[in-house]
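Notes for the structure review
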Amino acid sequence: MEKAVLEALKKFSLLEGFKTVTVALSGGADSVALLYCLVSLKEELGITVKAAHLNHLIRGKEAFSDENFVIKTCESLGVELTVKRADVPKFSKEKGISTELAARILRYEFLESVAEGGVVATAHTASDNLETVILNLARGSGIEGLSGIPPKRGIFIRPLIFCTRAMIEDYCEKNSLSFVTDSTNLSDDYTRNKIRHNIVPLLKELNPSVEKAVTRSSSVLREDSAFLDKEAEKFLNAGILPNGRLSLSGFKDLDVSVAKRVIKKYIENHSPEITPENVHIEEALKIAYAGGRTSLPRNFSVVSSRGNLFLEKNSKAEKAEFEVSLTECENIFFDNTEKINNLLLNNLLNCDKIIGKLVVRTRNPGDSIRIYGRGCTKSLNKLYNENNVPINLRETLPVIADDEGVVWVCGIGVAQRCAVSSKSERVIKIEVKGNI
């Protein structure tokens, strides 16, 4: 394993210009192996190794047990450790986002705060990269999503990116390393775990070295993606005018893959609060070619006029507002759900099928749902397109999600897994006030 770590450090220049490495230490096998490996190599690498642990306060006593384990591990290795506790469930509820996303946001904020001019090493492996690529493929991602986990992003480095989970386990066994096991990793409650426990084993039947194969593919795609980014940056750097607008001179001569990146980067650079999705980029591309205006998230529009592209705030745009109420009904039985009005069915949830807590929010990037009776999973973007939902309205339509994902979309319907049936004993009725 140490050989694979040294290979990654050298190939991607992960330590170039840095002498301090802080390991994001959860206490699991991957992060413990990473910490032990870097401590073993610190003299050879000429680095100082530290560690940081965030207690997410999600798993009760188990979380505090992990915290204590991490403290003892660092004491035994003589490693300086920073520990912080963050109420992820509370943050998740306040922001109306999933527990997983809330944990990720708070974890990276914490790690950035303890870097102190060095780099932060996270324990992402080749196995994690495989799962990420599969997940992004299922969501319809483009080349960036299929590029997987980058070996380096800002101050975050992934020295284990060439190591498989099997290599990690073997390293822990050979070096008698103790570690903790997160109980949530043993269940199929979360999407990534479903991929890990169900899909990956099937792929390994086709190719036992599938992690290494996908790692190679990801590396090639990242190189291609980096080239396209450079081409887009060239056009942007040459085309930005003193007033911040983008000259479209020569834009039509660009390959469409580069042109889309130009649009995306221009929007992101000039309004960090906007996260353009594919539908926005496609519409913006059309008006860049032909002129006109199209809507963006956060009440912005992108405008193409007189050979220039620019953003405008929609000062007079009306913001749709909705009031959503949820009512739990006990012991309601339906003899034949097909006889019930479809609009009613689209607004009923089976209580017993809900995972974790329900939150009412607007859509998040990557949201998808398997609508009851349709037999396939689709992104909210695609559903909004199919149902001709105005782009401005898409940012305000209420969405209901549990810990597993979206269970209901206003005006579209309920998820298959939470739909009511003749066996449903407890249901939640959803009522919406507002103009849909």
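Higher on the page you've got the structure.
Described in the following lines is the structure provided in the data block.

The rules behind these values
Residues numbered from 1 in each chain as written. Predicted model: local features only at pLDDT ≥ 70, side-chain atom pairs only at ≥ 80, totals over all residues. Heavy atoms only, no water. Helix = DSSP H or I, 4+ residues; strand = E, 2+ residues; numbered from the N terminus. Rg over C-alpha atoms; globule rule 2.2 N^0.38 Å. Contact = heavy atoms within 4.5 Å. Buried < 20%, exposed > 50% of the residue type's maximum accessible area, 1.4 Å probe, protein only. Pairing = 2+ DSSP bridges. Right-handed = clockwise from strand over helix to strand, strands pointing away. Axes fitted to C-alpha atoms, helices over the stretch in contact; angles between N-to-C directions. Parallel < 35°, antiparallel > 145°, perpendicular 65-115°, else oblique. Left-handed = near helix turned anticlockwise from the far one by under 90°. Core = buried A, V, L, I, M, F, W, Y, C linked by side-chain atoms within 4.5 Å. Phe/Tyr/Trp six-rings, centres within 6.5 Å; stacked < 30°, edge-to-face > 60°. Polar contact = N/O pair within 3.5 Å; in protein donor to acceptor, adjacent residues only side chain to side chain.

In this section: the overall build of the protein chain. The number of helices and strands found in the protein chain is 15 helices and 19 strands. In summary, the protein chain has a C-alpha radius of gyration of 24 Å against a globular reference of 22 Å for 436 residues, a match within 12%. Counting only C-alpha atoms, the protein chain reaches 65 × 65 × 45 Å along its principal axes. Taking the intrachain contacts of the protein chain between residues at least 6 apart in sequence as the baseline, contacts between residues at least 24 apart amount to 70%.

With seven of eight residues buried, strand E2 (residues 48-55) is to be regarded as a mostly interior element. Bridge count between strand E1 (residues 20-24) and E2: five bridges; the pairing is parallel. Bridging across to E2, Thr 20 finds its partner in Thr 48. This β-α-β element, E1 to helix H2 (residues 29-45) to E2, shows right-handed connectivity.

Across the sheet, which stays open at both edges, the four strands sit in the order E7-E10-E9-E8 with antiparallel pairing between neighbours. The open sheet has two edge strands, strand E7 (246-247) and strand E8 (292-296), and neither has a second partner. Taken together, the five bridges between E8 and strand E9 (residues 300-305) define a ladder with antiparallel strand orientation. Residue pairing for E9: Ser 295 is matched across the bridge by Ser 301.

Next up on the list: the packing of helix H10 (residues 210-239) against helix H11 (residues 256-270). At a minimum axis separation of 9 Å, H10 and H11 run at an interaxial angle of 65°. Overall, the two elements H10 and H11 adopt an arrangement that is roughly perpendicular. The way H10 lies across H11 gives a crossing that is right-handed. Of H11, the residues touching H10 (which contributes Ser 225, Leu 228, Asp 229, Glu 231, Ala 232, Glu 233, Phe 235 and Leu 236) are Ser 257, Val 258, Arg 261, Val 262, Lys 265, Tyr 266 and Asn 269.

Membership of the largest hydrophobic core comes to 41 residues, with the highest contact counts inside it found for Met 1, Val 5, Leu 35, Leu 160 and Ile 168. Of all the elements in the fold, those that place two or more residues in this core are helix H1 (2-11), E1, H2, E2, helix H3 (61-77), strand E4 (119-121) and helix H8 (165-174). The biggest single contributor to this core is H2, with nine residues. Ile 168 has contacts with Met 1, Ala 29, Asp 30, Ala 33, Thr 125, Leu 160 and Cys 163, leaving out every residue within four places of it along the chain.

Overall, the coordinates contain five aromatic pairs when judged by the stated rule. Their ring planes at 65° and their centres at 6.1 Å tell us that Tyr 36 and Tyr 171 sit as a pair that is edge-to-face. Separated by 135 residues along the polypeptide, Tyr 36 in helix H2 and Tyr 171 in helix H8 bring together distant segments of the chain. By relative accessible area, Tyr 36 is classed as partly exposed at 24%. Here Tyr 171 falls in the buried class, since its relative accessible area comes to 8%. Between the aromatic rings of Phe 251 and Tyr 289, the centroid separation amounts to 5.6 Å while the plane-to-plane angle is 50°, which identifies the pairing as tilted. Taken as a pair, Phe 251 in the loop between E7 and H11 and Tyr 289 in helix H12 (residues 278-290) lie far apart in primary sequence, 38 residues in all.

Bringing the sheet that holds E1 into the picture now. Strand order across the open sheet formed by six strands is E3-E2-E1-E4-E6-E5, with mixed pairing between neighbours. Of all the strands in the sheet, the pair left with one neighbour each is strand E3 (80-85) and strand E5 (152-153). As paired elements, E1 and E4 share three bridges and run parallel to each other. In the strand pairing of E4, Val 23 is matched with Ala 121.

Quick look at the environment of Leu 383 now. By secondary structure assignment, the location of Leu 383 is in helix H14 (residues 380-386). On the accessibility criterion, Leu 383 (2% relative accessible area) is buried. Sequence-wise, Leu 383 and Ser 178 are 205 residues apart; in three dimensions their C-alpha atoms are separated by 47 Å. Not counting residues within four places of it along the chain, the set of residues in contact with Leu 383 comprises Ile 369, Ile 371, Arg 374, Lys 378 and Ile 412.

Here Ser 379 is to be found in strand E15 (residues 377-379). Taking C-alpha positions, Ser 379 is 28 Å from Arg 426, a pair spaced 47 residues apart along the chain. Those residues in contact with Ser 379 that sit more than four places away from it in its chain are Asp 367 and Ser 368. A distance of 3.1 Å separates the side chain of Ser 379 from the backbone nitrogen of Lys 382, its partner in a polar contact.

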